[in-house]
Amino acid sequence: MAGGRGTRLWPLTANNCPKAFLSLDGTGISLLQRTISRLSGLTALENIFVVAGRSRERELRSQAHQIPAQNIILEPVGRSTLPCIGLAGLYIKKQNTSSVMVVLPGEQHIQDEARFQSLLMCAAEAAQNHNCVVTLGIKPTFPATRFGYVQLGDEVSCVHDARIFKSLGFTEKPDEQKAIEFISSGKYLWNSGMFIWPTSLLFDMISRFTPDVSHALSDIDDAIGTPAEKETIERVYSDMRSISIDYAIMERSADTLVIPADIGWNDMGTWPEVAETWEVDNDSNTCFGQQVRHVGIDSNGCIIYSSGEKRKLIATVGVSDLIVVETPDALLLCHKDRADDVKDLVQKLKNEGLEGK
């Protein structure tokens, strides 16, 4: 999935640039491209599908140029993750009716890729053997309110050193007090957004929990491979309701397993999270590689990013825990404690007609 807007990374994601298209390590390699390369050796390229918005088709095809053209799936409009995953599932089902489907967000950072691959193979094996949903869970490091949480039940098996637990339920985006309780209990993991299931099971769950979405996907399924395919997707998908896979299925599914995944996972969802992947100086400031020219006096814990062909010198005096993001079109100044609120800022810009300006 490569269509998420990543509004908390404004202004880098201004003009509706998907987060997955960003390069945040100074190499020019995007998060999407790293996600694709992370699957090297696990499956053939013809088994990898990428879903994103039609409005970014040209850039998407450029970034995912090694993926077969027919495996680039274009959404006419954004409809959250359930329709997105369902649409991709239709094409996968056409290719292989007995497939196991792995759903990956295209914008995550994973440090231990070898461990990730090992756990993914174990998850696929468990999903096929038990005909169930398997997800990778991440040990929480703070009471996040923008992640889902999965409650660990009893351990059911251990496959190739991967411990597999029964899930006792998902809670999507709890409030802060509830998140604190979850962490204190030691029995909850973050939902990584990575799901593994038999493709046939996905459609069984969609039919059971969201019949309206199932009906719409059935109409699209009938049109795939016919001259009416593009028009049908445009019409039916645009009328489909927007709902996440978490609310629609994961909170309601009883047959779910979870594998704790210590893989150096980072959602790259806010500027402080992105900065965790950058080098830290002696004053705990993090800068976007060698590209940023920053000079500071009595400045501590700041996050500095600058883009564009002519990067400005950024100088700070007597400030702490400040986010400074400079692009050719905008400048963001934000306290690190308010990083989540950048999303609200983007909404305000949209309300005032300033989004993307």
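The model shown is predicted, which means the values in this text are computed figures rather than measured ones. (Residues numbered from 1 in each chain as written. Predicted model: local features only at pLDDT ≥ 70, side-chain atom pairs only at ≥ 80, totals over all residues. Heavy atoms only, no water.)

A. Spotlight on the sheet that holds strand β15 (residues 322-326). If you trace the 4 strands from one edge of the open sheet to the other, you get β11-β13-β15-β16, paired in mixed fashion. Every interior strand has two partners, whereas the edge strands, β11 (286-287) and β16 (331-335), have only one. Bridging between β15 and β16 involves 5 bridges; their strand directions are antiparallel. Bridging across to β16, L322 finds its partner in H335. (Pairing = 2+ DSSP bridges. Helix = DSSP H or I, 4+ residues; strand = E, 2+ residues; numbered from the N terminus.)

B. Spatial organisation of helix α7 (residues 211-223). For α7, which comprises 13 residues, the first-to-last C-alpha distance of 19 Å matches the rise-based estimate of 18 Å (1.5 Å per residue) to within 8%. Every buried residue of α7 is listed here: V213, A216, L217, I220, D221 and A223. Mapping the buried residues of α7 onto a view down its axis gives an arc of 160°, with all of them on the same face. Exposed and facing more than 90 degrees away from the buried side of α7 are P211, H215 and D222. On its buried side, α7 packs onto α3 (81-95), α6 (199-209) and α8 (229-239). Phi turns positive one or two residues past the end of α7, at G225, with a value near 90°. (Expected span 1.5 Å × (residues − 1). Buried < 20%, exposed > 50% of the residue type's maximum accessible area, 1.4 Å probe, protein only. Arc of directions from axis to C-beta. Contact = heavy atoms within 4.5 Å.)

C. Region of interest: the nonpolar core. Formed by 76 residues in total, the largest nonpolar core has its most connected members in V50, F116, V134, L136, I263 and W271. When residues of this core are assigned to their parent elements, the largest contribution, 8 residues, is made by helix α4 (residues 113-130). Residue contacts for V134: discarding those within four places in its chain leaves A123, A126, A127, M194, F195, I196, L257 and I259. Counting 42 residues, the second largest nonpolar core, distinct from the first, contains L90, L202, I224 and M240. (Core = buried A, V, L, I, M, F, W, Y, C linked by side-chain atoms within 4.5 Å.)

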